[in-house]
Protein chains: 2
Amino acid sequence: MSDQKQSNNPPKQFDDDSVGFVESRRVQLFNREEPLELECGATLNEVTVEYETYGALNQNRDNGVLVCHALSGDAHAAGWLSAEDKKPGWWDNMIGPGKALDTEKYFVICSNILGGCKGTTGPSSINPETEKPYGMDFPVITIHDMVVCQEKLIQQLGIEKLLAVVGGSMGGMQTLEWAVSFPHRVRAVIPVATTYRTSPQSIAFDEVGRQAIFNDPNWNGGDYYGQQPPERGLAIARMVGHITYLSDQSMHEKFGRNLRLREEYGYDFGQEFQVESYLHHQGTSFTKRFDANTYLYITKAMDYFDLTIGFPSLKESMRRADCKFLLIAFSSDWLFPPYQMKKMANALRYNGIDVTYVEIESDYGHDAFLLEAEKMTRMLSAFLGYLYSEPDGGNHQATI
Amino acid sequence: MSDQKQSNNPPKQFDDDSVGFVESRRVQLFNREEPLELECGATLNEVTVEYETYGALNQNRDNGVLVCHALSGDAHAAGWLSAEDKKPGWWDNMIGPGKALDTEKYFVICSNILGGCKGTTGPSSINPETEKPYGMDFPVITIHDMVVCQEKLIQQLGIEKLLAVVGGSMGGMQTLEWAVSFPHRVRAVIPVATTYRTSPQSIAFDEVGRQAIFNDPNWNGGDYYGQQPPERGLAIARMVGHITYLSDQSMHEKFGRNLRLREEYGYDFGQEFQVESYLHHQGTSFTKRFDANTYLYITKAMDYFDLTIGFPSLKESMRRADCKFLLIAFSSDWLFPPYQMKKMANALRYNGIDVTYVEIESDYGHDAFLLEAEKMTRMLSAFLGYLYSEPDGGNHQATI
């Protein structure tokens, strides 16, 4: 079952390296006979997944590259859905003809995650049992559950083995989960600005965001669909998040202590500093496009993420992987600091896995994975190009 | 006018280096004829200040050391108010016989800041004009206003020139304000874990905390006295604050990813990780002892703090100072990072001011100023001892 959201656009001028107009598709995966079994023990009988693809699958079906999105992302990673769009997909600077994920060579796929609010089943979807939105009856999901969904989609698309899975932030967690949960379904993973285990500091920030939502009188135990949603709580959660996406340095460069509307202090509690109005704008605009319950579920999934669970060490845990790794960290990223990625690189090398670790110098903080397209393109183009050109001969190196 | 809050305690065993039982006093400063003129342009006709003193003022009245407290502190810096107290004053590990602020040598003073909620006039105080609590009618105050109040108190205590002003975090901002606003009333300042200018990142965190309070339905425009206060909003604000007081490293050491009550994930939205329950505990217990409106006013005062305002550069700004400086920063403090203190040290040196800059290696993050008593004691004891032993001959060095 697939349902096309959009087509037949008026002509529009595109850059040569744009994928142009794209379509979002929806597919229903799993069913009552073969439900999605979640890590929490619950099952979902029906899962709709929204996805987009760019480029074409080749005859060997070996040029598939799955892009995993971060917390606020969606399936619309590149191109334009309509001529009215004000901006292209969220990773358009990385996906297109001649770009890092070169759509003339690769078949690029991006799907909205399980638990999301952009077309894939999540807490705002209709629960077939009650015919009302799930709300907080939606089961708690994990990064592993998201990846199980993606794997099902890849099957449906007729791809036995992906060339690569790439993603930043929470998308990076998904790439790592692919490497250990489906080691024979992927030739390489490219985790960017991420971690193998969410730190207590990140959990703490996530919990603050959730409490801000819980404390919004409109949240109403998650049962707010069709009513006034908990916009202020969600906006606060997004504000907290945004602080962690920027670096001290980038905030200095972007705003300094500049005032917004006047030259001197107003001695009131308005949004006086530019950094405040920036955050308010980010928070408020986020509430227009995002569901508060999805925010709760996705941050919880991130908090649970810990590849070492059930293993005596990170090294033992990474032994499950059987693909090449390109790890990319950013020097000023304090949400997922480079030292965590370095630790993972060492654990992979210990297991004789072919790993390239790159730390890109950048002042942009965690957000760099969306902004440092030029530097990332050099890495990804070379890595994918080389990978694609060589036969799939397994990924463990001969020597350690 | 002075009013003693407490006295006549039953006997209690104290350590030799404890100041023992102490008393909080209140004094009324300023009046209708000579009101407190605030930076915002408003005036306060009556200001009550709560303070404590430890040790004795010597005959020359030149052994006074003023301690400035941080956001959640109060006048009760050392000793015990009653035999029932569960813990001593907030900087008891630094104040007492033989300690860093040696009460056998120095007369130590600590007062609750203007805008506070621990005895000094603030938004929860009765507005004499309306005979109701000020609430949001309280004027917006600044660090400078707090220091003007402290200076008035020092006058009342008969001290012409303080030996030193010392404080951490927002207390450190006050020490710096003393140095530039009352350069001839202080021989040395000891700013600890602070900055000369609040960064956009700190402003951003403060604004998140304020929004959490504003968004609490019980906040009611600040008019909640005698009713249910906005405890959940204030708790969220405190949670955000606490994250910034710890370091990534100290959180790892303190909590890791340990779960609180069970061995495996519960797949629900309870406080599952120890870091979450720690933050909740910090948030909730804070609401029992702190006023939400004071939180708003004090964070705003910090956001406004910028010693360079009205000056072409930090160097020019620091030219106003005429005292010795001992600057103490902590390596893992990311709220007020060492590089900011280093910058200030350089600006002071440029002006020929006698400055000692120390960066203490510590994993405790910003909280180190409350925890690294031993390392700080070595610095402070030596610095104050030397200062006290030499005559007050001005503080500019002969050579640059």
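If you're wondering where the values come from, they're calculated on a predicted model, not measured in any experiment. (Residues numbered from 1 in each chain as written. Chains lettered and ligands numbered in written order. Predicted model: local features only at pLDDT ≥ 70, side-chain atom pairs only at ≥ 80, totals over all residues.)

Draft legend 1. Representation of the overall build of chain A within the structure. On a plain count of helices and strands, chain A comes out with 11 helices and 15 strands. By the compact-globule yardstick of 21 Å for 400 residues, chain A fits well, its C-alpha radius of gyration being 21 Å. In terms of overall dimensions, chain A has C-alpha extents of about 65 × 55 × 50 Å along its principal axes. Of all 400 residues assigned to chain A, the portion counted as buried reaches 55%. Restricting to contacts in chain A with at least 6 residues of sequence separation, those with at least 24 account for 72%. (Helix = DSSP H or I, 4+ residues; strand = E, 2+ residues; numbered from the N terminus. Rg over C-alpha atoms; globule rule 2.2 N^0.38 Å. Buried ≥ 20, exposed ≤ 12 C-beta atoms within 10 Å, placed from the backbone. Contact = placed C-beta atoms within 7 Å.)

Draft legend 2. Broad picture of the relation of the copies chain B and chain A. In the superposition of chain B on chain A (RMSD 0.0 Å, axial shift 0.0 Å), the rotation amounts to 180 degrees. Here the copies are linked by what is in effect a two-fold axis. A shared interface surface links the copies, since 100% of the contact residues of chain B are contact residues in chain A too. (Least-squares fit on C-alpha atoms with pLDDT ≥ 70 in both.)

Draft legend 3. Fine view of the pairing of strand β15 (residues 355-360) of chain B. Residues and elements named next belong to chain B. Direction of pairing for strand β14 (residues 324-330) relative to β15: parallel, over a ladder of six bridges. Bridge pairing in β15 places Ile 328 opposite Val 358. Crossover handedness for the path β14 to helix α9 (residues 338-350) to β15: right-handed. (Pairing = 2+ DSSP bridges. Right-handed = clockwise from strand over helix to strand, strands pointing away.)

Draft legend 4. Region of the structure containing the domain arrangement of chain A. All names here are of chain A. The domain boundaries assigned to chain A delineate domain 1 (2-200 + 304-389) and domain 2 (203-302). Its C-alpha centre places domain 1 at a distance of 25 Å from the equivalent point of domain 2. On the domain 2 side, the residues contacting the 31 residues of domain 1 number 23 residues. Residue classes in the side of domain 1 that touches domain 2 are distributed as 18 nonpolar, 11 polar and two charged. (Domains from an automatic or database assignment. Nonpolar A, V, L, I, M, F, W, Y, C, P; charged D, E, K, R; others polar.)

Draft legend 5. Representation of the interface of chain B and chain A within the structure. Residue-level contacts link 42 residues of chain B with 42 residues of chain A. Contributing elements (two or more residues each) for the side of chain B that touches chain A: α3 (200-214), α4 (231-245), α5 (248-254), α6 (274-289) and α7 (292-304) of chain B. With 10 residues, the top contributor of residues to the side of chain B that touches chain A is α3(B).

Draft legend 6. Focus on the confidence of the model for chain A. Residue and element names in this part refer to chain A. Looking at chain A, the pLDDT average stands at 94 and 95% of residues meet or exceed 70. Across residues 1-7 the pLDDT falls below 50, and counting only partners more than four positions away or on other chains, this stretch makes 15 contacts in the model. Low pLDDT, under 50, characterises residues 396-400; the predicted model gives this stretch six contacts beyond four residues in sequence or across chains. Across the predicted assembly, pTM comes out at 0.94 and ipTM at 0.92. (pLDDT = per-residue confidence, 0-100.)

Draft legend 7. Structural view of helix α1 (residues 143-156) of chain B. Residues and elements named next belong to chain B. Across its 14 residues, α1 extends 20 Å between first and last C-alpha, which sits within 8% of the 20 Å expected from 1.5 Å per residue. Of all 14 residues in α1, 10 are buried, a share of seventy percent or more. Those residues of α1 not exposed but buried are Ile 143, His 144, Asp 145, Met 146, Val 147, Val 148, Cys 149, Gln 150, Glu 151 and Ile 154. Directly beyond the C-terminal end of α1, a positive phi value near 75 degrees is found at Gly 158. (Expected span 1.5 Å × (residues − 1).)

Draft legend 8. Here's a closer look at helix α2 (residues 170-181) of chain B. All names here are of chain B. Between the first and last C-alpha of α2 there are 16 Å, a value that for 12 residues agrees with the 16 Å anticipated at 1.5 Å per step. Buried residues dominate α2, accounting for 11 of its 12 residues. For α2, the complete set of buried residues consists of Met 170, Gly 171, Gly 172, Met 173, Gln 174, Thr 175, Leu 176, Glu 177, Trp 178, Ala 179 and Val 180. Buried residues along α2 sit against β6 (64-68), α1, β12 (164-168), β13 (188-192), α7 and α8 (314-318).

Draft legend 9. Summary view of the environment of Thr299(B). Residues and elements named next belong to chain B. Tracing the sequence through the fold places Thr 299 in helix α7. Expressed as a C-alpha distance, the spacing of Thr 299 and Ser 202, which sit 97 residues apart in the sequence, is 9.5 Å. Among all residues touching Thr 299, those that are not within four sequence positions of it are Asp 206, Gly 209 and Arg 210.

Draft legend 10. Highlighting the packing of helix α6 (residues 274-289) of chain A against α3(B). Closest axis-to-axis distance for the α6(A)/α3(B) pair is 9 Å, and the angle between their directions is 50 degrees. Viewed along their axes, α6(A) and α3(B) adopt a mutual orientation that is oblique. Considering the relative orientation of α6(A) and α3(B), their crossing is right-handed. Contacts between α6(A) and α3(B) involve Val275(A), Glu276(A) and Leu279(A) on the former and, on the latter, Pro200(B), Ile203(B), Ala204(B) and Glu207(B). Residues that form the contact of α6(A) with α3(B) fall into these classes: five nonpolar, no polar and two charged. (Axes fitted to C-alpha atoms, helices over the stretch in contact; angles between N-to-C directions. Parallel < 35°, antiparallel > 145°, perpendicular 65-115°, else oblique. Left-handed = near helix turned anticlockwise from the far one by under 90°.)

Draft legend 11. Representation of the packing of helix α4 (residues 231-245) of chain A against α3(B) in the model. Contact pair α4(A) / α3(B): the axes reach a minimum separation of 10 Å and the direction vectors enclose 165 degrees. Comparing their axes, α3(B) and α4(A) come out roughly antiparallel. α3(B) is crossed by α4(A), and the crossing has left-handed handedness. Note on element contacts: α3(B) touches α4(A) through Gln201(B), Ala204(B), Phe205(B), Val208(B), Gln211(B) and Ala212(B), opposite Ile236(A), Met239(A), Val240(A) and Ile243(A). Along the lines of polarity and charge, the residues of the contact of α4(A) with α3(B) split into eight nonpolar, two polar and no charged.

Draft legend 12. Representation of the environment of Thr175(B). All names here are of chain B. Looking at the secondary structure, you find Thr 175 in helix α2. Remark: the alpha-carbon pair of Thr 175 and Leu 348, spanning 173 residues in sequence, is separated by 14 Å. Residues within four places of Thr 175 in sequence aside, it is in contact with Cys 68, Val 165, Val 166, Gly 167, Val 189, Ile 190 and Pro 191.

Draft legend 13. Structural context of unusual backbone geometry. Of note, the phi angle at Arg61(B) is positive, near 55 degrees, even though the residue is not glycine. Inspection of the secondary structure assignment puts Arg61(B) in the loop between β5 (47-54) and β6.

Draft legend 14. Structural detail: the pairing of strand β13 (residues 188-192) of chain A. Residues and elements named next belong to chain A. In terms of residue burial, β13 counts as a mostly covered element, since five of its five residues are buried. Here β13 shows no split at all, with Ala 188, Ile 190 and Val 192 on one side and Val 189 and Pro 191 on the other all buried. Of the strand pairs in this sheet, strand β12 (residues 164-168) and β13 are connected by four bridges, and their pairing is parallel. Within β13, the position partnered with Val 165 by the bridge is Val 189. Crossover connection from β12 via helix α2 (residues 170-181) to parallel β13: handedness right-handed. Where β13 and strand β14 (residues 324-330) come together, three bridges link them in parallel fashion.

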